[in-house]
Amino acid sequence: MILKALLESYPKIPTRFHRNFELKLESYNLVWGAKGIGKTALVLRYYKDTKNPLYINLEDCRLNPKEDLKSLWDFCQNQSITCLILDNYTPDFQLPQNLTSLLPNLNLTLISQIPYEIPHFHTLEIPPITFREYYHSHKIPPQEAFSAFIKYGNLYEAEFLQEYKGEFLKNLCEDKVDFWILKNLLLCLGQKVSSHQIFTKLKKEGKLSKDRFYEYCGFLKASRRLFWVEKFEHHFAPKKLYFWDFTLKNAISFERNFTLLFENMVFLELLYTFKNQVFYTDKLDFYLPQSAMGILCVPFIQPQILEQKLAKITKEREFCDKFMILNLNESRKGESLGMPYEILPFHQFALQN
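This structure is a prediction, so every number in the text was calculated from the model and none was measured.

### What about unusual backbone geometry?
- For Asn52, which is not glycine, the phi torsion reads 60 degrees and is therefore positive.
- Structurally, the position occupied by Asn52 is in the loop between helix H2 (39-46) and strand S2 (53-57).
- Of note, Ala292 is a non-glycine position whose phi angle comes to about 50 degrees, a positive value.

Structure (structure tokens):
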């Protein structure tokens, strides 16, 4: 019997590296986030001491969920299952309406890429690995951790994925059209661009419907694989484009732009560690209204060029209390036209409380 086989083949919990992220789960949960960030491993580790757990990957190629899982809920009841994990969940797999009364003692956790709204379910987003988490997980000196983080990026167990991220990206896509769209989006990393501009470019290269393009872009945004950063107080201006792993462009292009990669890394830290609303302006890479802070991403500091860049920041001075210049290894404070600024290495900034 398939359900019995699934019960007896509960996955092993990864031991080499695990995320330093605290889960707070309730009886019914939807845990969601982008592909490759370790959602499944986190959930399996959370329930590691639970008796009689059942794990089912709804995308397991050996399964036909509609047929093979017809008796799932009766099976859980008969086998006294206390914990059920359904991975790669989508609404195509229907949950019973009377679930709470049918299995009152069951802890049910759904793992998905999109935050579906399900009544009575606690929804929790799992972010990509930030530098702060990477550092606390690996327990090595900050500069050494930072060098490794730049190399491997934000994905779970990225050390294993680095050489295969191109294939990883292909496997994420349903078909060649999706990969074609994703690849062209990645090529726009950090650029100020509109979705219409990208669509127009693709239309010149091959056959593509507007519905198909915007539907896939919507999925990437909903699953937090892609982020469109708005210009402050200019909602309809072109947006800056970033991704859930700042190293992904290197997997699909020989072109290297470390400054844009660095920007993407800073953006993810601002979004997930500091939980700030992030914008950009004409002269600032990022603006954080909550703290009235302007941020410049300058990996390699050249004092004269930096001073020229700061001097060009004019109208932003009206709504910024200070500027932060994030770089690789330099630390000092200064002032430009009466506005204080601080130069700080990224790893120090990311590890601040």
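### A closer look at the pattern of salt bridges
- Taken as a whole and assessed by the stated rule, the structure comprises 16 salt bridges.
- In this structure, Arg19 and Glu133 form a salt bridge, with 2.6 Å as the shortest nitrogen-oxygen distance. Of this pair, Arg19 sits in the loop between helix H1 (2-8) and strand S1 (28-32) while Glu133 sits in helix H6 (residues 131-138), and the two are 114 residues apart along the sequence. Accessibility assignment for this pair places Arg19 and Glu133 in one class, buried.
- Between Arg62 and Asp60 there is a salt bridge, and its shortest N-O distance comes to 2.7 Å.
- For Asp60, a relative accessible area of 15% corresponds to the buried category.
- One salt-bridge network, in which partners are shared between bridges, spans Asp175, Asp178 and Arg212.

### Some details on the packing of helix H9 (residues 165-172) against helix H10 (residues 176-186)
- Here H9 crosses H10 at 130 degrees, and the two axes come no closer than 9 Å. Overall, the two elements H9 and H10 adopt an arrangement that is oblique. Regarding H9 and H10, the two cross each other, and that crossing is right-handed. Taking contact as the criterion, the partners of Gly166, Leu169 and Lys170 in H9 are, on H10, Phe179, Leu182 and Leu186.
- Here the residues of the contact of H9 with H10 sort into 4 nonpolar, 1 polar and 1 charged.

### Some thoughts on the pairing of strand S4 (residues 107-112)
- In terms of burial, S4 is a largely internal element, 5 of the 6 residues being buried.
- For S1 and S4, the ladder comprises 5 bridges, and the chain directions are parallel. Residue pairing in the sheet places Leu30 in a bridge with Leu110 of S4.

### Focus: the packing of helix H7 (residues 142-152) against helix H14 (residues 258-272)
- Remark: H7 packs on H14, axes separated minimally by 11 Å, with the N-to-C direction vectors making an angle of 105 degrees. Between H7 and H14, the angle is such that the two are roughly perpendicular. Residues Phe146, Phe149 and Ile150 of H7 pack against Phe258, Phe262 and Met265 of H14.
- A class-by-class count of the residues in the contact of H7 with H14 yields 6 nonpolar, no polar and no charged.

### Topic: the environment of Pro289
- You can see Pro289 is positioned in the loop between strand S9 (286-288) and strand S10 (293-297).
- In this structure Pro289 comes out as partly exposed when scored by relative accessible area, which is 29%.
- Residues Pro289 and Phe319, 30 residues apart in the sequence, show an inter-C-alpha distance of 8.2 Å.
- Those residues in contact with Pro289 that sit more than four places away from it in its chain are Phe232, Gln277 and Phe279.

Reading the values: the criteria
- Residues numbered from 1 in each chain as written.
- Predicted model: local features only at pLDDT ≥ 70, side-chain atom pairs only at ≥ 80, totals over all residues.
- Heavy atoms only, no water.
- Helix = DSSP H or I, 4+ residues; strand = E, 2+ residues; numbered from the N terminus.
- Salt bridge = Lys/Arg side-chain N within 4 Å of Asp/Glu carboxyl O.
- Buried < 20%, exposed > 50% of the residue type's maximum accessible area, 1.4 Å probe, protein only.
- Axes fitted to C-alpha atoms, helices over the stretch in contact; angles between N-to-C directions.
- Parallel < 35°, antiparallel > 145°, perpendicular 65-115°, else oblique.
- Left-handed = near helix turned anticlockwise from the far one by under 90°.
- Contact = heavy atoms within 4.5 Å.
- Nonpolar A, V, L, I, M, F, W, Y, C, P; charged D, E, K, R; others polar.
- Pairing = 2+ DSSP bridges.

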